Amino acid sequence: MDIQNKRIPEGEFMAMRQEVLTQWPTGKDVNLEEAVAYHKAMPVSRNFSQKLLDAKAAGRTLVQPRAGVPVVEEHIKLMQYLQDNGEADLLPSTIDSYTRQNRYEEAENGIAESIRLGRAMLNGFPAVNHGVAKCRQVIESVNVPMQVRHGTPDARLLTEITYAGGFTSYEGGGISYNLPYCKNIPMERTIRDWQYVDRLTGLYEEMGVSINREPYGPLTGTLVPPCISHAAAIIEALLAAEQGVKNITVGYGQCGNLVQDIAAIRTLQELTDEYLQKYGHGDVKVTTVLHQWMGGFPADEAKAFGVISSGSLTAALAKATKVIVKTPHEAVGIPTMEANAQGLRCTKQVVNMLADQTFRDDHLDEEMEIIRLETRCIVDKCFELGNGDIAVGVCRGVEAGVLDVPFAPCRANAGLMLPCRDNEGAVRILNTGNLPFTKELKDFHETKIYERAMAEKRKASFQMVIDDVYAIGKGRLVGRPKY
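Rules of the game
Residues numbered from 1 in each chain as written. Predicted model: local features only at pLDDT ≥ 70, side-chain atom pairs only at ≥ 80, totals over all residues. Heavy atoms only, no water. Helix = DSSP H or I, 4+ residues; strand = E, 2+ residues; numbered from the N terminus. Rg over C-alpha atoms; globule rule 2.2 N^0.38 Å. Buried < 20%, exposed > 50% of the residue type's maximum accessible area, 1.4 Å probe, protein only. Contact = heavy atoms within 4.5 Å. Areas by Shrake-Rupley, 256 points an atom, 1.4 Å probe, with all protein chains shown as cover. Salt bridge = Lys/Arg side-chain N within 4 Å of Asp/Glu carboxyl O. Axes fitted to C-alpha atoms, helices over the stretch in contact; angles between N-to-C directions. Parallel < 35°, antiparallel > 145°, perpendicular 65-115°, else oblique. Left-handed = near helix turned anticlockwise from the far one by under 90°. Nonpolar A, V, L, I, M, F, W, Y, C, P; charged D, E, K, R; others polar. Pairing = 2+ DSSP bridges. Right-handed = clockwise from strand over helix to strand, strands pointing away. Core = buried A, V, L, I, M, F, W, Y, C linked by side-chain atoms within 4.5 Å.

(A) Representation of the overall build of the chain in the model. Check the secondary structure of the chain and you find 17 helices and 10 strands. Its C-alpha atoms give the chain a radius of gyration of 21 Å, near enough to 23 Å, the size a compact globule of 483 residues would have. Here the chain, with 483 residues, has 60% of them falling under the buried criterion. Here the analysis covers contacts within the chain between residues at least 6 apart in sequence; of these, 75% occur between residues at least 24 apart. Carbon together with sulfur atoms contributes 50% to the accessible area of the chain, which is approximately 18,600 Å² in total.

Written out as structure tokens, the structure is:
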């Protein structure tokens, strides 16, 4: 597929829209001009972009859960509970797996079975099947902004329906919703499909409606070094900005070392602004999100709250604009709405307590500089591979292993880079693979891992990686051997 980082021409985009809106019967209810008027009539309290900008200006960290069920009435009940009992500042509608794979007929069956059995038979909210009017019922049932969270490689119809339905934020991108989620879908295809999403977002912006876009930060959520997720987020931000997006939230998944995580959030804001300014998009407003620990959780709920609290503390001290909250049921499956609200209240308590505190550490500047250097190596090499076109360059970069996501299922991903922790629990790189690092950066990682190996009296090996994957679930940060 021939792609380039250029704004989709109007005639071409409108022809694509005609095809997209016929993919499921609810597409016929989408009317762009009427949808814009609906957004403009909504109270400002439901606008995601504005709430993020207000929080950033005030130095506050907003809290947001993940949640979604298949039946509209039950979904509304869940959203209202998380708003009122969980004290959520922002709300999601997490989309079901059938919709993520564009399998709308099976999603329709799942809705019917959920109603018949009186329990959820889908793992999320099938927004495409419910259509514009029912999405608006959800939006109007709460007083806080709502975001679509999903994991869809081809999210074009979902975007059309949920934007028309009143959602004011949309997660995902052509990199972050391919490499961690898909096996055989070419990068060029997802980049192209997400250019459609971003162009639609740009159209709303041009018609006076600001919709927030959020690349999915954690990627696989397992020992992802900051430079990898930063590079993906920055590139997705550049691709979105080219299509007219003006409000972007870049994200990062908590790794566990406090200094590294705070350095990551601060450099993510800084570097995203830097690259947007460099490539002519200085008018784009950037905010940040920290995702609480995405790996294995302890089954004990009290211990799970400890993990949640650590992520809350990190988000508050890093001054992330928002934090995506986990629940004490992470180890066992989909949480009850009560458990979801508990995770929110726990997080709210911590971020409120730390709102006026600042974080200083002797090693923070050093860690920030390492992340800057690594991230620029990756992003700049992708530009080089694309001869200045980042859409082309990121596809070639993934193929070459220049951008290499650990433990990703996608066949396009090189899978050569291996991360593990250093002696203080920061995520380092055991095998740099084809990452375009300087010798100095490679030596830095080698030294950090060697220090751990010496402390643990064992060789640096893949066993360290395995130990680290399971460590937090067992109550540790670093996977130490038993003597």
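From this point, the discussion proceeds with the structure in view.
(B) Representation of the pattern of salt bridges. Across all of its chains, the model carries 28 salt bridges by this definition. Across the salt bridge formed by arginine 156 and aspartate 154, the nearest N and O atoms sit 2.8 Å from each other. When sorted by exposure, arginine 156 lands in the same class as aspartate 154, which is buried. The salt bridge involving glutamate 384 is made with lysine 381; its shortest N-O contact spans 3.1 Å. A residue pair is termed a helical-turn pair when its members lie 3 or 4 positions apart in one helix, as glutamate 384 and lysine 381 do in helix α14 (residues 364–385) at 3 residues. Salt bridges sharing common partners tie together Arg452, Glu456, Arg458, Asp467, Asp468 and Arg480.

(C) Focus on the packing of helix α4 (residues 72–84) against helix α13 (residues 337–353). At a minimum axis separation of 9 Å, α4 and α13 run at an interaxial angle of 30 degrees. Between α4 and α13, the crossing angle belongs to the class labelled roughly parallel. The two elements α4 and α13 cross, and the hand of that crossing is right-handed. Here α4 contributes Lys77, Leu78, Tyr81 and Leu82 to the contact with α13, which in turn contributes Met337, Glu338, Asn340, Ala341 and Leu344. A breakdown of the residues in the contact of α4 with α13 according to their chemical character gives 6 nonpolar, 1 polar and 2 charged.

(D) Local environment of the pairing of strand β9 (residues 418–421). Where β9 and strand β10 (residues 427–431) come together, 4 bridges link them in antiparallel fashion. By the bridge assignment for β10, proline 419 is matched with isoleucine 429.

(E) Region of the structure containing the pairing of strand β3 (residues 146–149). Residue alternation in β3 divides its side chains into two sets, Met146 and Val148 and Gln147 and Arg149, and both sets are buried. Alignment of strand β2 (residues 91–94) against β3, held across 4 bridges, turns out to be parallel. Opposite serine 93, over in β3, you have valine 148 as the bridge partner. Where the polypeptide runs from β3 across helix α8 (residues 156–164) and back to strand β4 (residues 169–171), its parallel neighbour, the crossover connection is right-handed.

(F) Molecular detail of the packing of helix α12 (residues 301–318) against α13. Relative to each other, α12 and α13 sit at 40 degrees, their axes nearing to 9 Å. With respect to α13, the axis of α12 lies oblique. The hand of the α12/α13 crossing is right-handed. Only Gln342, Gly343, Cys346, Thr347, Val350 and Val351 of α13 make contact with α12, whose side of the interface consists of Phe305, Ile308, Ser309, Ser312, Leu313 and Ala316. In terms of residue class, the contact of α12 with α13 is made up of 7 nonpolar, 5 polar and no charged.

(G) Summary view of the nonpolar core. Counting 129 residues, the largest nonpolar core has Met79, Ile175, Ile191, Tyr204, Ile228, Ile378 and Val394 as its most contacted members. Broken down by element, the residue count for this core peaks at 12 residues, all from helix α10 (residues 226–242). Discounting residues that sit within four places of it in the chain, tyrosine 204 has contacts with Leu32, Ala35, Val36, His39, Tyr163, Ala164, Val209 and Ile211. One finds Trp293, Val307, Cys346 and Ile472 within the second-largest nonpolar core, a separate group that totals 7 residues.

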